[in-house]
Amino acid sequence: MNTRPKIVISSLDADRLDTLLGSVPDGTFPGKAELEAELARAEIVEPKKVPSTVVSMNSTVRFRVESSQEEFNLTLVYPKDMDSSGTKISILAPVGSALLGLSQGDQIEWPKPGGGLLRVCIEEIVYQPERSGEYHR
């Protein structure tokens, strides 16, 4: 996709991600520049003003793969919260940084394991901390 959808990020997430990026040594995170660019173009709002249909940190998102109609859920987390469950994606993964700030209904291109791209649609924000009143998670 050539056009990037508008993204909205909470000021709390933006501050925490800025701190995280500042702690990552140059050259150890290949997507650092891309994540910094996403943060730079984002509309930053107070946590209570994050729309309930936007992917924020610690949100669980239901996706649909366009070609197969397969659906799956992933939770966008900070690196320290990653585990081997297969249900989480790090903000430092290319797809993780691409998800931040997107809205329900947005589509992104997702790299396939063997190469190539899949078109994925964000079907639902299953859980969002801000929507649940959890502003300081």
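Preceding block: the structure.
Residues numbered from 1 in each chain as written. Predicted model: local features only at pLDDT ≥ 70, side-chain atom pairs only at ≥ 80, totals over all residues. Heavy atoms only, no water.

Re the pairing of strand E7 (residues 117-127)
Point 1. Here strand E3 (residues 60-65) runs beside E7; their pairing, made up of six bridges, is antiparallel. Directly across from Thr 60, in E7, lies its bridge partner Tyr 127.
Point 2. Where strand E6 (residues 107-111) lies against E7, five bridges are found, and the strand directions are antiparallel. Looking at the pairing, Gln 107 lines up with Cys 121 of E7.
Point 3. The turn linking E6 back onto E7 is made up of five residues, and Gly 115 within it adopts a positive phi angle of 110°. (Pairing = 2+ DSSP bridges. Helix = DSSP H or I, 4+ residues; strand = E, 2+ residues; numbered from the N terminus.)

Thoughts on helix H2 (residues 32-41)
Point 1. Those residues of H2 that fall on the buried side of the exposure criterion are Lys 32, Leu 35, Glu 38 and Leu 39. Taken down its axis, H2 places every buried residue within 125° of arc, on the same side. Exposed and facing more than 90 degrees away from the buried side of H2 are Ala 33 and Ala 40.
Point 2. Buried positions along H2 lie against strand E1 (8-10), helix H1 (11-23), strand E2 (43-45) and helix H3 (94-99). (Buried < 20%, exposed > 50% of the residue type's maximum accessible area, 1.4 Å probe, protein only. Arc of directions from axis to C-beta. Contact = heavy atoms within 4.5 Å.)

What to know about unusual backbone geometry
Point 1. Of note, Asn 58 is a non-glycine position whose phi angle comes to about 70°, a positive value.
Point 2. Counting through the fold element by element, Asn 58 comes out in the loop between E2 and E3.
Point 3. Notably, Gln 69 is not glycine yet its phi reads approximately 65°, a positive angle.
Point 4. Examined against the element boundaries, Gln 69 turns out to sit in the loop between E3 and strand E4 (71-77).

Things to note about the sheet that holds E4
Point 1. Strand order in the open sheet formed by five strands is E5-E4-E3-E7-E6, and the pairing between neighbours is mixed. Every other strand in the sheet has two partners, leaving strand E5 (88-90) and E6 as the edge strands with one partner each. On average, adjacent strands in this sheet sit at an angle of 45° to one another, irrespective of strand direction. (Axes fitted to C-alpha atoms, helices over the stretch in contact; angles between N-to-C directions.)

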